[in-house]
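The lines below spell out each chain.
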Amino acid sequence: MLKAGRSQEEIRQHNLGALLRHVHLGGPLSRTELADRMGLNRSTIMGLTGELTAAGLVREELPKDTGRAGRPSLVVRPESDRVYVIAFDVRVDRLVAARVGLGGTVLDRREAIRPRAGADLDDVVGTLAGFARQMYREARPDAVCVGVGAAYCGMIRPGDGMVRFGPNMGWVDQAFGTELGLRLGLGLPVSVGNEAHLGALAEHERGVGVGFQNLVYLHGDVGVGGGIIVGGKLLDGDGGYGCELGHMMVNPYNGRPCGCGSHGCLEAEVGEQALIDAAGRSSELTGRDGVRAVVDAAGRGDVAAVEALRRIGDWLGIGVANLINLFNPGLVIFGGMLREVYQGSAAQVHSRVEANVLVISRERVRLRTSALGDDATLTGAAELAFSEVLANPLEALAHGAGRIGAGRAHPAPR
Ligand SMILES: [Zn+2]
């Protein structure tokens, strides 16, 4: 879009990024479709795709038989195998790493399951860097890494990826982003985000939230986190620590203790341990398996499990009702283990929404489970890593690790 006061060069840079974003998120698109979506004429689109093709970011092909007469419009595809990011997901019980191509294709993936306690910074960074080393070596020789992103289950300082507080891993002020960047040795900064913030972004860009400009994402793991998209943008707060929906107070007088030190937070009342305890199954399975066992038992009519889900669903509904009244979202998404909890307690959640949300505020809201499932946070980390190349494609490519057409310009990760 043309705006007064911007130079031709700025407009060109903006349009290059916008075009790349369209094919990155929308898949292969014809020049005609791009012209329509971007509101530009076809000769401008041809110039932009020419530059992106020359840089090796996209390629143009004749479409498969269109069934129509006349000269077909060339299809623009992202160069998924050549341009990629490395994405990490640090969860309490597992570490995930993936090499993700432009366009969002997962090209390679590694995962380590871990015990829940005792992982220190050095362990985590060492494991992740090892995975990155393997994946980097297996990329084709002319491929280029244009970014590194990581999702972490805690409160993250945006500038440098410092973990300020990761209660479920026992981390306080750990220099995660900086240490991981050093250990990788790619010469690229590591962008780190809170897992639920990134889950919200991923669902908004690639999941059930596509097309919604205002949505709330609730993510359950050991704890409960959240991300809120307002007007198409993540609500991050003054220091980047916003949307700690898990610590919204719902039960101040008789609440269960929370990992944050308070009592009666949403996380304490609807988290996995709350459900397992409510079902009287504390001595059996724990974690995600424990949650699934309760939901399955409720499906078979087990009275204690049904009652536990009803109770947890009531607390979840109270939290959701508050969020709908506050933010008037078009969509509320349940991700992580809250997918299972919501599926087992939807009636209770809906009845709280009916009872406690202003009629006008709930006229259009939909409640849905995550479309990306357990990969929502990893997908969000990949999107975070792509943000630089989508904002400024040619410059980001020039700074990438490994150069297209020039072999590996940087050493592999140590
Ligand atoms: Zn709390």
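Now for a quick tour of the structure.

**Thoughts on the sheet that holds strand β12 (residues 215-220)**
Here's step 1: The mixed open sheet is built from five strands, whose spatial order is β14-β13-β12-β15-β16. Of all the strands in the sheet, just β14 (233-234) and β16 (366-369) have a single pairing partner and so form its edges.
Here's step 2: One ladder, built from six bridges, connects β12 with strand β13 (residues 224-230); its direction is antiparallel. Bridge pairing links Val-216 to Ile-228 in β13.

**A short note on the coordination of the zinc ion**
Here's step 1: Protein coordination at the zinc ion comes from His-247 (ND1), Cys-258 (SG), Cys-260 (SG) and Cys-265 (SG), with a distance range of 2.0 to 2.3 Å.
Here's step 2: Taken together, the four donor atoms surrounding the zinc ion define angles of 105 to 120° at the centre, an arrangement classified as tetrahedral.

**Notes on the layout of surface pockets**
Here's step 1: Approximately 560 Å³ is the volume attributed to the largest pocket.
Here's step 2: Forming the boundary of the largest pocket are 29 residues, of which Val-192, Gly-193, Leu-198, Leu-201 and Leu-384 lie nearest the centre.
Here's step 3: At the level of elements, α5 (176-184), β11 (190-194), α6 (195-206) and α12 (376-391) are the ones that each hand at least two residues to the lining of the largest pocket.
Here's step 4: For the lining of the largest pocket, a count of residues per class yields 12 nonpolar, 12 polar and five charged.
Here's step 5: By volume, the second largest pocket amounts to about 380 Å³.
Here's step 6: Taken together, Arg-21, Leu-25, His-204, Glu-205, Val-210, Gly-211, Gln-213, Gly-232, Lys-233, Ser-387 and Ala-391 make up the lining of the second largest pocket.
Here's step 7: Looking at the lining of the second largest pocket, the elements that each hand over two or more residues are α1 (8-26), α6 and α12.
Here's step 8: Here the lining of the second largest pocket is composed, by residue class, of three nonpolar, five polar and three charged.

**Here's the deal with helix α9 (residues 287-299)**
Here's step 1: The terminal C-alpha atoms of α9, which comprises 13 residues, lie 19 Å apart, in line with the 18 Å expected from a rise of 1.5 Å per residue.
Here's step 2: Of all the positions in α9, only Gly-287, Arg-288, Gly-290, Val-291, Ala-293, Val-294, Val-295, Ala-297 and Ala-298 are classed as buried.
Here's step 3: On the buried face of α9, the contacting elements are α8 (272-278), α10 (303-327), β15 (331-336) and α11 (338-356).
Here's step 4: Phi turns positive, to about 95°, at Gly-301, one or two residues after α9.

**What about the state of the cysteines?**
Here's step 1: Overall, the coordinates contain zero disulfides when judged by the stated rule.
Here's step 2: In this structure Cys-153 is not part of a disulfide, and its nearest cysteine sulfur, from Cys-258, lies 14 Å away.
Here's step 3: A relative accessible area of 10% means that Cys-258 is categorised as buried.

**Thoughts on the nonpolar core**
Here's step 1: Of all hydrophobic cores here, the largest spans 40 residues; its most connected members are Leu-218, Leu-316, Phe-334, Leu-338 and Leu-367.
Here's step 2: Those elements giving two or more residues to this core turn out to be β12, β13, α7 (266-270), α8, α9, α10, β15 and α11.
Here's step 3: When sequence neighbours within four positions are dropped, the list of residues in contact with Leu-218 reads Val-224, Gly-225, Leu-245, Leu-266, Leu-316, Val-320, Leu-323, Ile-333, Phe-334, Gly-335 and Leu-338.

**Things to note about the packing of α6 against α12**
Helices that pack against each other are described as a pair by the angle of their axes relative to one another and the distance between those axes.
Here's step 1: Look at α6 against α12: their axes get within 7 Å of each other, and the N-to-C directions meet at 80°. Taken together, the axes of α6 and α12 are roughly perpendicular relative to one another. For the pair α6 and α12, contact is made by Glu-195, Leu-198, Gly-199, Ala-202, Glu-203, Glu-205 and Arg-206 and by Ala-376, Thr-377, Thr-379, Gly-380, Ala-381, Glu-383 and Leu-384, respectively.
Here's step 2: Of the residues contributing to the contact of α6 with α12, the split by class is five nonpolar, four polar and five charged.

**A closer look at the sheet that holds strand β5 (residues 94-101)**
Here's step 1: Taken in spatial order, the five strands of this open sheet run β6-β5-β4-β7-β11, and their pairing is mixed. For this open sheet the edge positions go to β6 (106-113) and β11, each flanked by a neighbour on one side alone. When the angles between neighbouring strand axes are averaged without regard to direction, this sheet yields 15°.
Here's step 2: Pairing analysis gives seven bridges linking strand β4 (residues 83-90) to strand β7 (residues 144-152), with the strands arranged parallel. Each bridged residue has a counterpart across the sheet, and for Val-83 the counterpart in β7 is Val-144.
Here's step 3: Here α5 sits on the sheet and contacts β4, β7 and β11; the angle it forms with β11, its principal contact strand, is near 145°.

**Here we look at the pattern of salt bridges**
Here's step 1: Counted under the stated rule, the structure contains 32 salt bridges.
Here's step 2: Among the ionic pairs, Glu-340 bridges to Arg-292, the shortest N-O distance being 2.9 Å. Residue Glu-340 is found in helix α11, and its partner Arg-292 is found in helix α9; the two are separated by 48 residues along the sequence.
Here's step 3: For Glu-340, a relative accessible area of 13% translates into the label buried.

**Here's the deal with the side chain of Arg-110**
Here's step 1: By secondary structure assignment, the location of Arg-110 is in strand β6.
Here's step 2: Among the polar contacts listed, one links the side chain of Arg-110 to the side chain of Gln-134, at a separation of 2.5 Å.
Here's step 3: A polar contact of 3.3 Å, which involves the side chain of Arg-110, links it to the side chain of Glu-138.
Here's step 4: Not counting the four nearest positions on each side in its chain, Arg-110 is found in contact with Leu-95, Val-96, Ala-97, Phe-131, Gln-134, Met-135 and Glu-138.

**Some thoughts on the packing of α10 against α11**
Here's step 1: Between α10 and α11, the shortest axis-to-axis distance is 7 Å and the interhelical angle comes to 60°. When the interaxial angle is binned, α10 and α11 end up oblique. In terms of crossing hand, the pair formed by α10 and α11 is right-handed. Between α10 and α11, the residues in contact are Leu-309, Arg-310, Ile-312, Gly-313, Asp-314, Leu-316, Gly-317, Ile-318, Val-320, Ala-321, Ile-324 and Asn-325 and Leu-338, Val-341, Gly-344, Ser-345, Gln-348, Val-349, Arg-352, Val-353 and Asn-356, respectively.
Here's step 2: Tallied by class, the residues present in the contact of α10 with α11 amount to 11 nonpolar, seven polar and three charged.

Criteria and thresholds
- Residues numbered from 1 in each chain as written.
- Predicted model: local features only at pLDDT ≥ 70, side-chain atom pairs only at ≥ 80, totals over all residues.
- Heavy atoms only, no water.
- Pairing = 2+ DSSP bridges.
- Helix = DSSP H or I, 4+ residues; strand = E, 2+ residues; numbered from the N terminus.
- Donors = N, O, S within 2.8 Å, 3.2 Å for Na, K, Ca; no water.
- Tetrahedral: all angles 85-135°; square planar, octahedral: opposite > 155°, others 65-115°.
- 1 Å grid on protein atoms, 1.4 Å probe; cavity = no way out; pocket = protein on both sides within 12 Å on 5 of 7 lines; lining within 4 Å.
- Points joined across faces, edges and corners; volume = space filled by probe spheres on them.
- Nonpolar A, V, L, I, M, F, W, Y, C, P; charged D, E, K, R; others polar.
- Expected span 1.5 Å × (residues − 1).
- Buried < 20%, exposed > 50% of the residue type's maximum accessible area, 1.4 Å probe, protein only.
- Contact = heavy atoms within 4.5 Å.
- Disulfide = S-S within 2.5 Å.
- Core = buried A, V, L, I, M, F, W, Y, C linked by side-chain atoms within 4.5 Å.
- Axes fitted to C-alpha atoms, helices over the stretch in contact; angles between N-to-C directions.
- Parallel < 35°, antiparallel > 145°, perpendicular 65-115°, else oblique.
- Salt bridge = Lys/Arg side-chain N within 4 Å of Asp/Glu carboxyl O.
- Polar contact = N/O pair within 3.5 Å; in protein donor to acceptor, adjacent residues only side chain to side chain.
- Left-handed = near helix turned anticlockwise from the far one by under 90°.

By themselves these figures say nothing about function.
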